[in-house]
Amino acid sequence: MPFNLPATDRRLWALAWPLMLTNLTVPLLGLVDTAVLGHLESPEYLGAVAVGANLFSILYWTFGFMRMGTTGLAAQAWGKRDNFSQVALLLRSILLATGIGLLLILFHQPLIQTGLSLMNPSDNVTELAAEYAGIRIWSAPAVLCQYTLVGWLIGTQFPRGPMIMLIAANGLNIVLDILFVTVLGWNSRGVAIATVIAEYGAAAIGFLIVLRRMPEGQGLTKALFGKLEDYLRILQVNRYIMVRTIALLLVLAFFTAQGARQGDTILAANAVLITFLLLISNALDGFANAAEALIGEAIGKGSRRRFRVVFRSALRWSLWGALLLTIVFVAGGHWLIALLTGIEEVRATAWRYLPWLWLLPFAAVWGFLLDGIFIGATRTRDMQNTMLFSALAVFAPVWWLTTGWGNHGLWFALISLMVARALSMGWLCWSHTRNDRWFQSQ
């Protein structure tokens, strides 16, 4: 953690560095998946996991409000020092997450078939992706419970909890990846099995951490479980995050599907580059996640001065992070691509589109940071509306107008989406600040 910094910067870093380390384990896992499969004899295995993983990104992050909504509400309860609300929110969210996960398992076949048909990969990739998805779905309850546990731990300002649970679980996943794929030769099936085992491991560790973090004096009572209306209220409060997340993930799924229509090599090359996008987002999200907790706390306390100080600190450090990532990808992009795949055709194709990756950190950093501000303030409707605007009024028309550019047009549309999010959310942020709406009830 940096020294000789203002108090708010120190608090931001105290929250951000464990969250950064936690977040970076997610793309690290993707890097290992890509590296293990990228050195097999065929790009079809890499393409299958790209398609399957993208499908599960849509499926699981449709319910990403279980993490984001929990963080904002928990942070505000933490700011008010309301122990009952903290524990009740956690318990109800866990029960809701478990129920949704079991429903996903029950109805997984039509969901997977529909998703694969929309992505429309080649026949061989479709068969492998279906096998991968049929295994991955069994992790649904564990994944959704993880979202709730991580969100609650961030909101109550214990970022080392998510760091411990996810680093341990992803370390297990990496070991199992190597064992199942490299040693046992299970290919994409082995990656799926490793992921399921690791997801349940992460959930188990998370429950142990949370049990040790329960507020003193708050026992398990019937009132904590609440009534049906309390669970419906959680869904209602977070419905905007759900719509926003679906829109974002549909854009990424569309991106993958359009790459697949251009052939397995383009699909595999885009999968390598998208892995770096995940690295960017998860690194910069460390500051955004820290801002969620501190902004929520400021609003819970009703402190406008605290809100402004936190915002400026998070913005400053996010921009420094974007600059560092840009330097890394400009200086080492070719080496990183070569590290991930030994298939010469995929390497050459990824190198061709590498300049788009150089633009991503500064195009994306604004949206990531402002997501953190809006989540901490529970201004989730604004997040939904700006994402719908960016996807429907910017990404879709830009892609359509640049279809003649091939894969370059696809990447240009993705960059345009990120710029549109930055501008639209930035305008709303300025408007809320000017009119003192951050602290008004919604």
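From a predicted model like this one, the values you see are computed outputs, not experimental measurements. (Residues numbered from 1 in each chain as written. Predicted model: local features only at pLDDT ≥ 70, side-chain atom pairs only at ≥ 80, totals over all residues. Heavy atoms only, no water.)

(A) Representation of the overall build of the protein in the model. Within the protein, the secondary structure is distributed over 17 helices and zero strands. In terms of overall size, the protein behaves like a compact globule, its C-alpha atoms giving a radius of gyration of 21 Å where 442 residues would be expected to give roughly 22 Å. Taken along its principal axes, the extent of the C-alpha atoms in the protein is 60 × 45 × 40 Å. Per-residue burial over the protein gives 59% buried out of 442 residues. Sequence-distant contacts in the protein: of pairs separated by 6 or more residues, those separated by 24 or more amount to 84%. With an accessible surface of roughly 18,400 Å², the protein has 66% of that area assigned to carbon and sulfur atoms. (Helix = DSSP H or I, 4+ residues; strand = E, 2+ residues; numbered from the N terminus. Rg over C-alpha atoms; globule rule 2.2 N^0.38 Å. Buried < 20%, exposed > 50% of the residue type's maximum accessible area, 1.4 Å probe, protein only. Contact = heavy atoms within 4.5 Å. Areas by Shrake-Rupley, 256 points an atom, 1.4 Å probe, with all protein chains shown as cover.)

(B) Up close: the packing of helix α13 (residues 304–340) against helix α14 (residues 344–352). At a closest axis distance of 10 Å, the pairing of α13 and α14 adopts a crossing angle of 150°. Here α14 runs roughly antiparallel to α13, going by the angle between their axes. Viewed along their axes, α13 and α14 form a crossing whose handedness is right-handed. Residues H334, I337 and A338 of α13 form the contact with α14, whose participating residues are R347, A350 and W351. For the contact of α13 with α14, a count of residues per class yields four nonpolar, one polar and one charged. (Axes fitted to C-alpha atoms, helices over the stretch in contact; angles between N-to-C directions. Parallel < 35°, antiparallel > 145°, perpendicular 65-115°, else oblique. Left-handed = near helix turned anticlockwise from the far one by under 90°. Nonpolar A, V, L, I, M, F, W, Y, C, P; charged D, E, K, R; others polar.)

(C) Representation of a nonpolar patch on the surface in the model. The grouping of L103, L106, F107 and L111 at the surface amounts to a nonpolar patch, some 410 Å² of accessible area in total. Mapping L103 onto the fold places it in helix α4 (residues 83–106). (Patch = residues over 30% accessible without salt bridge, like charges linked within 9 Å, V, L, I, M, F, W, Y side chains within 5 Å. Salt bridge = Lys/Arg side-chain N within 4 Å of Asp/Glu carboxyl O.)

(D) Structural view of the packing of aromatic side chains. Throughout the structure, instances matching the rule amount to 12 aromatic pairs. Residues F307 and W438 carry aromatic rings whose centres are separated by 5.2 Å and whose planes lie at 35° to one another, so their mutual orientation is tilted. Linking F307 in helix α13 with W438 in the segment after α17 (407–434), this pair joins segments that are 131 residues apart in sequence. Under the relative-accessibility criterion, F307 is labelled buried at 6%. Chaining the aromatic ring pairs together yields one cluster made of F307, F374, W438 and F439. Just above the ring of W78 sits the side chain of R81; from NZ or CZ to the centre is 4.9 Å. Against the face of F439 rests R304, its NZ or CZ located 4.6 Å from the ring centre. (Phe/Tyr/Trp six-rings, centres within 6.5 Å; stacked < 30°, edge-to-face > 60°. Lys NZ or Arg CZ within 6 Å of the ring centre and 35° of its normal.)

(E) Spatial organisation of the nonpolar core. Judged by nonpolar contacts, the single largest core of 84 residues is most densely connected at L104, I373 and F374. A total of 10 residues in this core trace back to one element, the largest contributor, which is helix α7 (residues 140–155). Of the domains in this structure, domain 1 (1–11 + 239–441) and domain 2 (39–226) are the two that each give at least three residues to this core. Ignoring sequence-local partners within four residues, the contact set of I373 consists of A291, I295, F307, F311 and W438. In terms of nonpolar packing, the next biggest core, distinct from the first, is built from 47 residues, L277, L284, L354 and I415 among them. (Core = buried A, V, L, I, M, F, W, Y, C linked by side-chain atoms within 4.5 Å. Domains from an automatic or database assignment.)

(F) Representation of unusual backbone geometry in the model. In this structure, Q157 is a non-glycine residue whose phi angle is positive, near 60°. Within the secondary structure, Q157 is located in the loop between α7 and α8 (160–183). Q157 sits in the buried class, given a relative accessible area of 17%. Within the chain, T378 stands out as a residue other than glycine whose phi angle is a positive 50°. Along the chain, T378 falls in the loop between α15 (354–376) and α16 (380–401).

(G) Main features of the environment of M242. Tracing the chain through its elements places M242 in helix α11 (residues 228–261). Residues M242 and Q86, 156 residues apart in the sequence, show an inter-C-alpha distance of 22 Å. Discounting chain neighbours no more than four positions away, the residues touching M242 are T62, F63 and F65.

(H) Representation of the domain arrangement of the protein. Split into domains, the protein comes out as domain 1 (1–11 + 239–441) and domain 2 (39–226). The interface is formed by 37 residues belonging to domain 1 together with 36 residues belonging to domain 2. Among the residues domain 1 hides against domain 2, the three largest losses belong to M242, L249 and D264. Together they make up 17% of the total. Applying the counting criterion to the domain 1 and domain 2 interface returns one salt bridge. A salt bridge links R67 to E292; the shortest N-O distance between them is 2.6 Å. The interface formed by domain 1 and domain 2 contains five residue pairs in polar contact (both at pLDDT 80 or more). (Buried area = accessible area lost by both parts, 1.4 Å probe. Polar contact = N/O pair within 3.5 Å; in protein donor to acceptor, adjacent residues only side chain to side chain.)

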